[in-house]
Each structure stands twice: as structure tokens, then as C-alpha cells.
Amino acid sequence: MADDKKIIFSGMQPSGLITLGNYLGALNNWTKLQDDYNCLYCIVDMHAITVRQDPAKLRKQSRDLLIQYIACGLDPEKNIIYYQSHVPQHAELGWILNCYTYMGELNRMTQFKEKSSKHADNINAGLFTYPTLMAADILLYQTDLVPVGEDQRQHLELTRDIAGRFNTIYGDTFKIPEGYIGKVGARIMALQEPTKKMSKSDENKNNTIALMDEPAVIMNKIKRAVTDSDNQVRFSEEKPGISNLLNIYCASTGYTLAEAEKEFENVGYGAFKTAVGEAVVANLEPVQAKVRELEKNKDYIDTIIKVNAEKAGRLADRTLRKVHKKIGFSARIK
Ligand code: TRP
């Protein structure tokens, strides 16, 4: 990795696959990011097991996610895209950071509270210490910037606190990371509840369009999307459903809102929805083809998985060695 570029670290759960919202919202920025920053994209399978997973499904989803990210435009040679469990330094630093994190801090985490009420039969210690593992993910790479949504902000704050605490005790060891707010992409909302964001973990599948949804499924979901009754295709806060479809249309085609409104001026919702559906299908078609091509290329994907884990491991090792030395672990005998 070039030393003059800032480091961006991002972690994603392999518990859900990419949606149209992710694709239109975030992924468009990646081609730019990958030239300006050193980016690590970690598929956080170790975080995923804090709630019970089906093993075969976890394995498949991890691989699917990796393939989909590449198909969407993440260049696996410019970015380090890898599985968390393949780089044991995450677990090692995670343990160490547990010893520099207070129970009280972890107790305050709203995600822990939410997840433990949702999974009341499995409030395991991993769920509790989830944020220290996340801190390790970030701090291992001397990360400058972390793109996080609102729901992860508190974890990033804690990461900064832990890093600062460690640095105060032992001297400069970790870079203190900042949140990264990139160019805002399109904000795509749930199709059935257009006032909330489209989310890959949504249980109502009619709310989301998955990257790999078949054309007929896409057309159908858009046809069933919630609208309103005034039958005018116009962007307005009072018309969240139609506004969302307009956003989807514009992000998929490159038209501006004004152009789209003009195009559909005297058109009913039915025909409008057909046009939106067709635009989405056409936009996703090449990505879906790329996914299918990558899926056939097992050796290529395996090589990426291996090489990128090695790259990440080498970087992580630098930090971990420094940490070991600072806290008084004995050097390994060579
Ligand atoms: N906790 C994040 C989420 O659920 C995923 C994650 C794990 C992460 N480690 C990270 C995100 C490090 C950013 C940086 O979305």
C-alpha cells in the first residue's frame, strides 16, 4: 500500500447481501475512493457469530458478499477485501483491548441493548464485547477514516476512547480514527415504507431489491411499491413513495429529477413504475452478469481471498507487535 495515502477501513456483516440501496448509495463512490485512499474492506464473519448463524449459509453468504463487492466495482487488487477470520490478529488485539475497556462502557452501547432484547435466549459474552473486536479491526491498520452509519457511531466513539486510553498509558501506539462522511450517494428508501432506509437486514423482502433479484422479481417489487393517490409523478416530501421511485430512476439512469419529472409529466403511476423497473433491471444486468462470471472462476476468487488475507495480516502484524512490546509481552524467539 502506498504510504502517502490515508487508510480507510470498513467492515460489513456477511449476514445480508447487497441491496439496490447499497449499490446506488455507496458503491458509486468506491471507484473514486480506491484511487485516493488505501482501503480495507473486511467481511466480519467473527462479528456475525455473535448471533446464531447457520454454518453453511454463513460460509456461502461470506463468499457471495465478497464476489458481489467485486462485481460492483471494488477492485480486489487496489483494495484489500478479505475475511476477518482469516487474519487472527483481529482476535488477538480484540482480546488485548478487552483488558482496556470497562464493563460500564460496553453496558452503555445501544446496539448491545437492542440485540440482547432481540436475542434474549442468546445474550453471549461475544455480543457484549462486540465493540472491542470492532475497535481491534479499526486500530490494527492505523486507520484514518471509518465510513460508518448512524448506528455504528457509538462504536467508533468507543474505539477512539480505547485508543486514546491506550496511547495515554503506553505512548503513541494507535492512530485515532475519524468517521468518514463521503459524497452522499442516493438515499434509497424501503419500497413498502418509504420513510425508512432500504436495509439489507429488513425482514420484509418487498422492502428491498437485492442485487441479484431476477428481472421479474424486480419489476414485481417496484409494481407493488407504496405510492399515494394523486397520480402525479412529482418529487415532494409529501410523496415519499413516488419521490423514492424517482430517486431510484435517476440514480439508475443518470437523469436529473427535473428531467425525470418532465418525462413522466402526463404518465400514470403504472407506466411510471414500469419505466423505473426497467431502468433498475438494465442497471443491474451487467453487475449480475459479472457476479455469475466470477462465481464460475473459483481459482481467481480463491486467490483473491488468500492474497488479500496475507496482505492484511502483514499490516496487522506491525501494529500487533508494537502493542505486544508496549504491554510487556516477551518477544518471540526466532
Ligand atoms: N459493526 C459493523 C456493522 O454492524 C460492522 C463492522 C465490524 C465494522 N467491524 C467494523 C464497521 C469496523 C466499520 C469498522 O455494520
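Residues numbered from 1 in each chain as written. Predicted model: local features only at pLDDT ≥ 70, side-chain atom pairs only at ≥ 80, totals over all residues. Heavy atoms only, no water.

Trainee: Looking at this structure, I do not really get the site of the ligand. What am I missing?
Mentor: Taken together, Phe 9, Gly 11, Gln 13, Val 44, His 47, Tyr 130, Met 134, Asp 137, Ile 138, Val 146 and Gln 152 are the residues near the ligand. At a separation of 3.5 Å, an oxygen atom of the ligand approaches a polar side-chain atom of Gln 13. Protein coverage of the free-state accessible area of the ligand, which is 370 Å², stands at 89%. Taken together, the elements giving at least two residues each to the shell around the ligand come down to β1 (7-12) and α7 (125-139). Looking at which element gives the most residues to the shell around the ligand, the answer is α7, with 4 residues. Considering only residue class, the shell around the ligand consists of 6 nonpolar, 4 polar and 1 charged. (Near = heavy atom within 4 Å. Polar contact = N/O pair within 3.5 Å; in protein donor to acceptor, adjacent residues only side chain to side chain. Areas by Shrake-Rupley, 256 points an atom, 1.4 Å probe, with all protein chains shown as cover. Helix = DSSP H or I, 4+ residues; strand = E, 2+ residues; numbered from the N terminus. Nonpolar A, V, L, I, M, F, W, Y, C, P; charged D, E, K, R; others polar.)

Trainee: Any chance you could explain the environment of Gly 126 here in plain terms?
Mentor: Structurally, the position occupied by Gly 126 is in helix α7. The exposure class assigned to Gly 126 is partly exposed, which follows from its relative accessible area of 28%. Along the sequence, Gly 126 and Thr 50 sit 76 residues apart, while their C-alpha atoms lie 5.5 Å from each other. (Buried < 20%, exposed > 50% of the residue type's maximum accessible area, 1.4 Å probe, protein only.)

Trainee: Mind showing me how you'd approach the domain arrangement of the protein chain here?
Mentor: Interface extent is often summarised as the accessible area lost during association of the parts. For the protein chain, the domain assignment lists domain 1 (7-181 + 298-327) and domain 2 (205-292). The C-alpha centroid of domain 2 is placed 33 Å from the C-alpha centroid of domain 1. In this complex, domain 1 contributes 9 residues to the contact, which on the side of domain 2 involves 14 residues. Where domain 1 abuts domain 2, roughly 980 Å² becomes buried across the two surfaces, and 77% of that area is made up of carbon and sulfur atoms. The interface formed by domain 1 and domain 2 holds 0 salt bridges in total. Taken together, the connections running from domain 1 to domain 2 amount to 2 residue pairs in polar contact (both at pLDDT 80 or more). Counting only elements with at least two residues in the side of domain 1 that touches domain 2, the list comes to α1 (20-36) and α3 (55-71). The residue inventory of the side of domain 1 that touches domain 2, partitioned by class, reads 7 nonpolar, 2 polar and no charged. (Domains from an automatic or database assignment. Contact = heavy atoms within 4.5 Å. Buried area = accessible area lost by both parts, 1.4 Å probe. Salt bridge = Lys/Arg side-chain N within 4 Å of Asp/Glu carboxyl O.)

Trainee: Looking at this model, I keep getting lost on the environment of Leu 320. Mind explaining?
Mentor: Following the sequence through the fold, Leu 320 ends up in helix α13 (residues 298-327). Note on Leu 320: relative accessible area 3%, which makes it buried. When residues no more than four places from it in sequence are discounted, the contact partners of Leu 320 are Gln 89, Glu 92, Leu 93 and Ile 96.

Trainee: Looking at this model, I keep getting lost on the nonpolar core. Mind explaining?
Mentor: Within soluble globular proteins, side chains that are nonpolar tend to cluster in buried spots. Formed by 56 residues in total, the largest nonpolar core has its most connected members in Tyr 69 and Ile 248. The element best represented in this core is helix α12 (residues 269-296), accounting for 11 residues. Two domains share this core, each providing at least three of its residues, namely domain 1 (7-181 + 298-327) and domain 2 (205-292). Those residues in contact with Tyr 69 that sit more than four places away from it in its chain are Met 12, Ile 18, Leu 27, Trp 30, Leu 74 and Ile 81. Judged by nonpolar contacts, the second largest core, of 41 residues, contains Ile 7, Val 44, Ile 96 and Leu 158. (Core = buried A, V, L, I, M, F, W, Y, C linked by side-chain atoms within 4.5 Å.)

Trainee: Could you clarify how one ought to interpret the packing of helix α6 (residues 110-118) against α7 in this entry?
Mentor: Describing two packed helices takes the angle between their axes plus the distance from one axis to the other. Interhelical geometry of α6 versus α7 gives an angle of 160 degrees and a closest axis separation of 10 Å. By the angle between their directions, the pair α6 and α7 is classed as roughly antiparallel. Every pair of crossing elements has a handedness; the one defined by α6 and α7 is right-handed. Here α6 contributes Gln 111, Phe 112, Lys 115 and Ser 116 to the contact with α7, which in turn contributes Leu 127, Phe 128 and Tyr 130. Here the contact of α6 with α7 is composed, by residue class, of 4 nonpolar, 2 polar and 1 charged. (Axes fitted to C-alpha atoms, helices over the stretch in contact; angles between N-to-C directions. Parallel < 35°, antiparallel > 145°, perpendicular 65-115°, else oblique. Left-handed = near helix turned anticlockwise from the far one by under 90°.)

Trainee: Teacher, can you tell me more about the packing of helix α10 (residues 240-253) against α12 here?
Mentor: α12 packs onto α10 with a crossing angle of 35 degrees between their chain directions and a minimal axis gap of 9 Å. The hand of the α10/α12 crossing is left-handed. Contacts between α10 and α12 involve Ile 242, Leu 245, Leu 246, Ile 248, Tyr 249, Ala 251, Ser 252 and Thr 253 from the first element and Tyr 269, Phe 272, Lys 273, Ala 275, Val 276, Ala 279, Val 280 and Asn 283 from the second. Its residues placed into classes, the contact of α10 with α12 shows 12 nonpolar, 3 polar and 1 charged.

Trainee: Help me understand helix α4 (residues 89-98) in this model?
Mentor: The periodicity of an α-helix, 3.6 residues per turn, causes residues three or four places apart in sequence to face the same way. All of the buried residues in α4 are Gln 89, His 90, Leu 93, Gly 94, Ile 96 and Leu 97. Buried residues of α4 fall within an arc of 165 degrees about the axis and therefore sit on the same side. Contact partners of the buried residues in α4: β1, β2 (38-43), β3 (80-83), α7, α8 (153-170) and α13. (Arc of directions from axis to C-beta.)

Trainee: Explain the pattern of salt bridges here, please?
Mentor: As enumerated under the stated definition, the model contains 17 salt bridges in all. For Arg 165, the salt bridge identified is with Glu 105, shortest N-O distance 2.6 Å. Taken together, the positions of Arg 165 in helix α8 and Glu 105 in helix α5 (residues 103-107) put the pair 60 residues apart, joining distant regions of the chain. Residue Glu 105 is classed as buried on the basis of its relative accessible area of 7%. Close ionic contact of Lys 196 with Glu 193 constitutes a salt bridge, the shortest N to O distance being 3.6 Å. A relative accessible area of 34% means that Glu 193 is categorised as partly exposed. Among the charged side chains, a salt-bridge network with shared partners connects Asp 228, Asp 230, Arg 234 and Lys 239.

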